[in-house]
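One letter stands for each residue in the lines below.
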Amino acid sequence: MTQDELKQLVAQAALDYIKPELQPNAIIGVGTGSTANCFIDALAKYKDEFKGAVASSDATADRLRGHGIDVFDMNDVESLSVYVDGADEANRKLHLIKGGGAALTREKIVASISKKFVCIADESKAVETLGAFPLPVEVIPMARSAVARKIVALGGNPVYREGVVTDNGNVILDVHGLSITDAVSLESKLNNIVGVVTNGLFAARPADVLLLGTKDGVKTLTVINTSASSGEFF
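Residues numbered from 1 in each chain as written. Predicted model: local features only at pLDDT ≥ 70, side-chain atom pairs only at ≥ 80, totals over all residues. Heavy atoms only, no water.

Colleague: What's the story with the packing of helix H1 (residues 3-18) against helix H2 (residues 34-43) in this structure? I'm lost.
Modeller: Two packed helices can be described by the angle between their axes and the distance between those axes. H2 packs onto H1 with a crossing angle of 55° between their chain directions and a minimal axis gap of 8 Å. The pairing of H1 with H2 is recorded here as oblique in orientation. Classified by chirality, the crossing of H2 by H1 is right-handed. The residues of H2 that touch H1, namely those facing Lys-7, Gln-8, Val-10, Ala-11, Gln-12, Ala-14, Leu-15 and Ile-18, are Ser-34, Thr-35, Cys-38, Phe-39, Ala-42 and Leu-43. Here the residues of the contact of H1 with H2 are counted per class, giving nine nonpolar, four polar and one charged. (Axes fitted to C-alpha atoms, helices over the stretch in contact; angles between N-to-C directions. Helix = DSSP H or I, 4+ residues; strand = E, 2+ residues; numbered from the N terminus. Parallel < 35°, antiparallel > 145°, perpendicular 65-115°, else oblique. Left-handed = near helix turned anticlockwise from the far one by under 90°. Contact = heavy atoms within 4.5 Å. Nonpolar A, V, L, I, M, F, W, Y, C, P; charged D, E, K, R; others polar.)

See below:
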């Protein structure tokens, strides 16, 4: 299968997985990116079975509305039963790197009010150690250089993502050269740098379920069924 075919496969698996949540008064969280887009397209056929969605980016909101799905402001929603989103990397603890599409802050906010976070990805995103994919950090523009120096002191190599402005009006530093063995600690350290809005580590609030598209079909992974295995967890 091609990578695009795997994304389509796992998007359909996510829809099948969350169907019990599609109730008349239900509002679900929806992420950003190419795999999330596949999920939105699959979700569209069930748009009359649930109330609507909270989007993690302007692009996602536009795509949802294009399918006739109502989009709600998160300030009007107390909690979400489920949030579905992709990832740039995922490890066996279901810690993630996200932010390749520059929507990490809103993604993290939506995940924070969701009772269940369902991550969907193709098998190329499954890794034993996070960090081969450069870690995105959203930064207040005036603090870009100051934050970059502090990241260098932590052992990273930050690169300004030129020409990219987030939906929040901020900029992105992509941190190369990391081998992340303690994602929870690094997430906290980066977030404590003055000028950082947030970073793309989803470890303090990891995914609850990873639906992984592989050449052998979709595998459903949780921390329980990955931590006991050895070698490549997919």
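Colleague: I keep staring at the sheet that holds strand S7 (residues 135-139) and nothing clicks. Help me out?
Modeller: Strand order across the open sheet formed by four strands is S8-S9-S7-S10, with antiparallel pairing between neighbours. Single-partner strands in this sheet number two, and they are strand S8 (157-160) and strand S10 (196-199). Here the strands of the sheet are splayed against their neighbours by 30° on average, with no regard to which way each runs. Of the strand pairs in this sheet, S7 and S10 are connected by three bridges, and their pairing is antiparallel. Within S10, the residue paired with Val-137 across the bridge is Asn-199. (Pairing = 2+ DSSP bridges.)

Colleague: Mind showing me how you'd approach the side chain of Glu-138 here?
Modeller: By the element assignment, Glu-138 lies in strand S7. Buried charge without a salt bridge: Glu-138, with Arg-106 as the nearest opposite-charge side chain at an N-O distance of 7.3 Å. There is a polar contact of 3.0 Å between the side chain of Glu-138 and the side chain of Asn-168. Excluding its chain neighbours within four sequence positions, the residues that come into contact with Glu-138 are Leu-104, Thr-105, Thr-166, Asn-168, Asn-170, Val-171, Ile-172, Gly-195, Val-196, Val-197 and Thr-198. (Buried < 20%, exposed > 50% of the residue type's maximum accessible area, 1.4 Å probe, protein only. Lys, Arg positive; Asp, Glu negative; His and termini not counted. Salt bridge = Lys/Arg side-chain N within 4 Å of Asp/Glu carboxyl O. Polar contact = N/O pair within 3.5 Å; in protein donor to acceptor, adjacent residues only side chain to side chain.)

Colleague: Even after reading the chapter, I still don't get the pairing of strand S12 (residues 209-214), so can you show me in this structure?
Modeller: A regular strand places its side chains so that they alternate between the two faces of the sheet. Summarising burial for S12: six of the six residues are buried, a large majority. Side chains Val-209, Leu-211 and Gly-213 project from S12 onto one buried face, and the interleaved Leu-210, Leu-212 and Thr-214 project onto a second face that is buried too. As judged from the five bridges shared by strand S6 (residues 117-122) and S12, these two strands associate in the parallel manner. Residue pairing across strands places Val-118 opposite Val-209, the latter belonging to S12. Relative to strand S13 (residues 217-221), S12 runs antiparallel, the two sharing five bridges. For Leu-210, the partnering residue across the bridge sits in S13 and is Leu-221.

Colleague: How should I be thinking about the nonpolar core in this particular structure?
Modeller: Nonpolar side chains tend toward joint burial in soluble globular proteins. Grouped together as the largest cluster of nonpolar side chains are 28 residues, with contacts concentrated most on Ile-28 and Phe-39. Where this core is concerned, the elements lending two or more residues are H1, strand S1 (27-30), H2, strand S2 (52-55), helix H3 (58-66), S6 and S12. Broken down by element, this core gets its largest block of residues, six residues, from H1. In this structure, Phe-39 is in contact with Ala-11, Ala-14, Leu-15, Ile-18, Ile-28, Val-30, Val-84 and Ile-120, ignoring residues within four places of it in sequence. Ranked by size, the runner-up nonpolar core spans 22 residues in total, among them Ile-97, Leu-173, Leu-190 and Leu-201. (Core = buried A, V, L, I, M, F, W, Y, C linked by side-chain atoms within 4.5 Å.)

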